Amino acid sequence: MKVAIIGATGAVGVEFMQVLERRKFPITELTLWASKRSAGTTLPFKGKDLTVRELTKDSFKGMDLALFSAGSKISKDFREACVAAKCLMVDNSSAFRMEEGVPLVVPEINPTEAAKALVKNGGKGVIANPNCTTIIALMALAPLHRVVPIKRLVAATYQAASGAGHAAMVELEEGTRAYLEGKPFPPKVLPHPYAFNLFPHNSPFDPATGYCEEEVKLLKESRKILSDQQIRVTGTCVRVPVLRTHAEALNVEFSDSGMSVERAYEILKKAVGVTVLEDRAKNRWAMPVDVAGHDNVYVGRIRKDQSQDNTFDVWVVGDQLLKGAALNAVQCAEVALLGKLAPNANP
Ligand SMILES: NC(=O)c1ccc[n+]([C@@H]2O[C@H](COP(=O)([O-])OP(=O)(O)OC[C@H]3O[C@@H](n4cnc5c(N)ncnc54)[C@H](OP(=O)(O)O)[C@@H]3O)[C@@H](O)[C@H]2O)c1
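Here the structure is a predicted model, which is why all the values come from computation and not from measurement. (Residues numbered from 1 in each chain as written. Predicted model: local features only at pLDDT ≥ 70, side-chain atom pairs only at ≥ 80, totals over all residues.)

**Focus on the overall build of the chain**
Then, in step 1: When helices and strands are tallied, the chain shows 9 helices and 16 strands.
Then, in step 2: In terms of C-alpha radius of gyration, the chain reaches 20 Å, essentially the compact-globule figure of 20 Å for 347 residues.
Then, in step 3: When its C-alpha atoms are laid out on the principal axes, the chain stretches across 60 × 60 × 45 Å.
Then, in step 4: Burial status across the chain gives 45% buried among its 347 residues.
Then, in step 5: Restricting to contacts in the chain with at least 6 residues of sequence separation, those with at least 24 account for 68%. (Helix = DSSP H or I, 4+ residues; strand = E, 2+ residues; numbered from the N terminus. Rg over C-alpha atoms; globule rule 2.2 N^0.38 Å. Buried ≥ 20, exposed ≤ 12 C-beta atoms within 10 Å, placed from the backbone. Contact = placed C-beta atoms within 7 Å.)

**Side note on the site of the ligand**
Then, in step 1: Taken together, the neighbourhood of the ligand is formed by 29 residues, with Gly7, Gly10, Ser35, Ala70 and Gly165 sitting nearest.
Then, in step 2: By residue class, the composition of the shell around the ligand is 11 nonpolar, 17 polar and 1 charged.
Then, in step 3: In this structure, the shell around the ligand is formed jointly by two domains, domain 1 (2–129 + 324–338) and domain 2 (133–320), each of which donates at least three residues. (Near = placed C-beta within 6 Å. Nonpolar A, V, L, I, M, F, W, Y, C, P; charged D, E, K, R; others polar. Domains from an automatic or database assignment.)

**Brief notes about the nonpolar core**
Then, in step 1: Residues Ile6, Ala66, Leu67, Val90, Ala140, Val316 and Ala326 are the most contacted members of the largest nonpolar core, which totals 90 residues.
Then, in step 2: When neighbours within four sequence positions are excluded, Ala140 is seen to be in contact with Leu250, Leu268, Val274, Val297, Val299, Val314 and Val316. (Core = buried A, V, L, I, M, F, W, Y, C linked by C-beta atoms within 7 Å.)

**Topic: the sheet that holds strand β11 (residues 246–254)**
Then, in step 1: Read across the open sheet, the 7 strands follow the order β9-β10-β8-β11-β16-β15-β12; overall the sheet is mixed. Of all strands in the sheet, those bounded by a partner on one side alone are β9 (199–200) and β12 (274–276).
Then, in step 2: Alignment of strand β8 (residues 150–159) against β11, held across 8 bridges, turns out to be antiparallel. Each residue of the ladder has a partner; that of Arg152, found in β11, is Glu253.
Then, in step 3: Across the sheet, helix α4 (residues 132–147) lies against β8, β10 (232–239), β11, β12, β15 (297–304) and β16 (311–318), angled at about 40 degrees from β11, the strand it touches most.
Then, in step 4: Contacts from helix α7 (residues 261–270) reach β12, β15 and β16 within the one sheet, and its direction differs from that of β15 by about 170 degrees. (Pairing = 2+ DSSP bridges. Axes fitted to C-alpha atoms, helices over the stretch in contact; angles between N-to-C directions.)

**Brief notes about the pairing of β8**
Then, in step 1: Two elements, β8 and β10, share 8 bridges in a ladder whose sense is parallel. Considered in β10, the bridge of Gln159 is made with Arg239.

**Side note on the packing of helix α1 (residues 13–22) against helix α9 (residues 322–338)**
Then, in step 1: Close contact between α1 and α9 brings their axes to 9 Å; oriented N to C, the two are set at 50 degrees. In terms of orientation, α1 lies oblique with respect to α9. Along this stretch, α1 crosses α9, giving a crossing that reads as right-handed. Of the residues in α9, those touching α1 at Glu15, Phe16, Val19 and Leu20 are Leu322, Ala325, Ala326, Leu327 and Val330.
Then, in step 2: Taken together, the residues of the contact of α1 with α9 break down into 8 nonpolar, no polar and 1 charged. (Parallel < 35°, antiparallel > 145°, perpendicular 65-115°, else oblique. Left-handed = near helix turned anticlockwise from the far one by under 90°.)

**Section: unusual backbone geometry**
Then, in step 1: Phi at Thr245 takes a positive value of approximately 95 degrees, unusual for a residue other than glycine.
Then, in step 2: Within the element layout of this structure, Thr245 appears in the loop between β10 and β11.
Then, in step 3: Classification of Thr245 by C-beta neighbours within 10 Å gives buried; the count is 29.
Then, in step 4: Residues other than glycine seldom take positive phi values, yet Arg301 does so here, at roughly 50 degrees.
Then, in step 5: In this fold, Arg301 is placed in strand β15.

Pasting the structure below:
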């Protein structure tokens, strides 16, 4: 396969190269694209330095697959050129996620949707990669939902700086250093001071409902991925001063009494791409420092909600640069173009 990475210098972009290498994706040529700013810089792939070039409408000629992570505007501006070049677009932005006919895919959950994107199958040539918070939640919830349908989800999220891109990671590091040195540090990338602080997710708020976009994505995208328009979802998304890997506290109400704590553990221990990590005696549960750099989504602390019937609490942690972005996108390409999902190399 000839593969192009669009946004190769970004927080997600650099992960693509490592994921492609780790999963032994069959590549005959890899090309790297970003803005004019980073044209000429080099990035390592399989022991060689590849040069980043400025993205143009000709970047897709002869390519089989383009992995996009350069924001919604770039995805919209370059979609036509990509599809016209018969190059499959797997897009990390939110630009096309809710578009009719564009599959929104988490390969462990709805793998057969991916190939529907192919033009030869009557598709639009685009696969949308879901929102990172949604992927991580559904990796834990979809295996349970298949056994006993989920009626309602209440989520509280603890989201890492890298979810806002490379510049936000730098801001957290520099802001923390400045704080410890007692120096002023006016934030530039995020709207509030980040060091030793946290704040509700800074995506645009809907004045009518009071929800931010990240919270709305969790509702809409969960319904599309699970093909279930009945499921009710609410939540509060929060940015916490962690460099990478999101954590989520999920309160899940099932439609009947068929779920139990024991059954949930049994199901999740067998679920592909999921690891149960906990040591109750030591009060030890998955944390971002355990999960950063790992492909699987980690779960634990499953317990019966004592305040309501058929309801359970679950703690979920996932590296959003991997399963929430680069890894999931490469997996989408695997199922669409190769017809199989490679095993996780670094579970
Ligand atoms: N971070 C996450 O956890 C995450 C998770 C899921 C989805 N996403 C989505 O992935 C996308 C990228 O996120 P990120 O976190 O990787 O952001 P980032 O670290 O800010 O990287 C942005 C990338 O886009 C490139 N770019 C910007 N303007 C461009 C232009 N005019 N032409 C070509 N390339 C351009 C940048 O290249 P330069 O070096 O030239 O500026 C850089 O490579 C966003 O749509 C985001 O919503 C991110």
